[in-house]
Amino acid sequence: MPTGSTSSTRSPFTDNESPAVGVELDKLSKSFGDFVVLKDVSFKVEPGEIFVLMGPSGSGKSVLLKHIVGLEAPTSGRVLVDGKDASDPTTREQVRMALVFQAGALFNSLSVYDNLALYLREHRIASESAIREKVERALQILSLENASAKFPSELSGGMKKRVAIARALVMEPQLMLYDEPTSELDPLMSATISEIIATLKDEYHVTSIVVSHDRDLALNISDRVGILMGGQLIHVGPPAELRQPTDPRIADFLNPKVDLKNPRFKKLET
Ligand SMILES: Nc1ncnc2c1ncn2[C@@H]1O[C@H](COP(=O)(O)OP(=O)(O)OP(=O)(O)O)[C@@H](O)[C@H]1O
Ligand SMILES: [Mg+2]
């Protein structure tokens, strides 16, 4: 675990406290065949921090998140969660971490309630009455009390995102990873989701890594922002530095100008 921290994670459901966890990427590189996706990416996320990772589509953000939860293994380099190797399956048993997937990944055949209860039932974590308590608490935190009996097909995009976060929350995570939590949402719902992420950090001291294109989210709730381009981390710093970026690549990414004389789509890689 990174040094110098005394913060702890408080469960939303009990009075239990467990140490908040740090994450460290040490020269992480990942290739699929000859295709290099991540090149020598190194950064540390401190326990209890909100770290927002931004970068263009295809720059490797989702692949990077999958390394932290152990769904991908590095080609070279290391990923440590709470000082333990993330690609070691025992790490996932020792550290409670939850990934809120880009597309929500809800089970369409299950109600919202059963989507939330699934993890607890499968892992036989609690009795059915204790599960009910945890699920109802998570639904309440995300203002989803009235959606409990609904199925995913009956939910709006914003509700699906909140259900995905609620489902992660019942795991009482020490580490929350969000992949594009505000994509496809209107600005108001995006701001709401940003507030939820910040609240979870403040009230439960969860360490949060948020992959997002959402500039407002990054500026408003992050402790630090990393920018990934072409598989390389080209910048890490506090959000204020992004208000007037000096690096032209970052300025162009955050404040793109539509240029009809020299259209970007003609320069896209195929
Ligand atoms: N399992 C895989 N096998 C081969 N290539 C993959 C695999 N997973 C991802 N890639 C490739 O890695 C690159 C990065 O993908 P990734 O999903 O991480 O991008 P991203 O930054 O999350 O993009 P977006 O913002 O569009 O979600 C893409 O070119 C993708 O095609
Ligand atoms: Mg992605």
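My aim in this report is to walk through the structure given alongside it, one point at a time. Numbers given for residues are sequential positions, taken from 1 along each chain in its written order. Lettering for chains starts from A, numbering for ligands starts from 1, and both go in the order in which the items are written. It should be noted that, the model being predicted, local features are given only for residues of pLDDT at least 70 and side-chain atom pairs only at 80 or more, the latter also being counted only at that level, while totals for whole chains, interfaces and linings use all residues.

The next thing to look at is the site of ligand 1. A residue counts as near a molecule or strand when its C-beta atom, positioned from the backbone, falls within 6 Å of it. Neighbouring residues of ligand 1: Phe32, Val37, Gly55, Ser57, Gly58, Ser59, Gly60, Lys61, Ser62 and Val63. Each helix corresponds to a stretch of at least 4 residues labelled H or I by DSSP, and each strand to a stretch of at least 2 residues labelled E; elements are numbered beginning at the N terminus. Here the element with the most residues in the shell around ligand 1 is helix H1 (residues 61-68); it accounts for 3 residues. Under the scheme applied, nonpolar residues are Ala, Val, Leu, Ile, Met, Phe, Trp, Tyr, Cys and Pro; charged residues are Asp, Glu, Lys and Arg; polar residues are all the others, including Gly. For the shell around ligand 1, the class distribution of residues is 3 nonpolar, 6 polar and 1 charged.

Among the nonpolar cores identified, the biggest contains 64 residues, and Val52, Ala166, Leu175, Leu177 and Ile209 are the most heavily contacted of them. Here this core takes 7 residues from helix H5 (residues 157-169), the largest share from any one element. For every residue pair, C-beta atoms are placed from the backbone, and the pair is scored as a contact if these atoms sit within 7 Å. Contact partners of Leu177, with chain neighbours within four places excluded, come to Leu65, Ile68, Val69, Met97, Ala98, Leu99, Val100 and Ile209. A set of buried Ala, Val, Leu, Ile, Met, Phe, Trp, Tyr and Cys residues, joined through C-beta atoms within 7 Å, is what we mean by a nonpolar core. The exposure scheme places C-beta atoms from the backbone and then counts, for each residue, the other C-beta atoms within 10 Å of its own, assigning buried at 20 or more, exposed at 12 or fewer, and partly exposed in between.

Each axis is a line fitted through C-alpha atoms, and for a helix only the stretch in contact is used; angles between axes span 0 to 180 degrees, taken between their N-to-C directions. At a closest axis distance of 8 Å, the pairing of helix H3 (residues 112-122) and H5 adopts a crossing angle of 30 degrees. Taken together, the axes of H3 and H5 lie roughly parallel to each other. In this structure, H3 crosses over H5, and the sense of that crossing is right-handed. On H5, the residues touching Val112, Asn115 and Leu116 of H3 are Val163, Ala166 and Arg167. Residues of the contact of H3 with H5, tallied by class, amount to 4 nonpolar, 1 polar and 1 charged. The cut-offs work like this: below 35 degrees is roughly parallel, past 145 is roughly antiparallel, 65 to 115 is roughly perpendicular, and the gaps in between are oblique. If you view the pair so one helix is near and one far, a crossing is left-handed when the near helix is turned anticlockwise from the far one by less than a right angle, and right-handed when it is turned clockwise.

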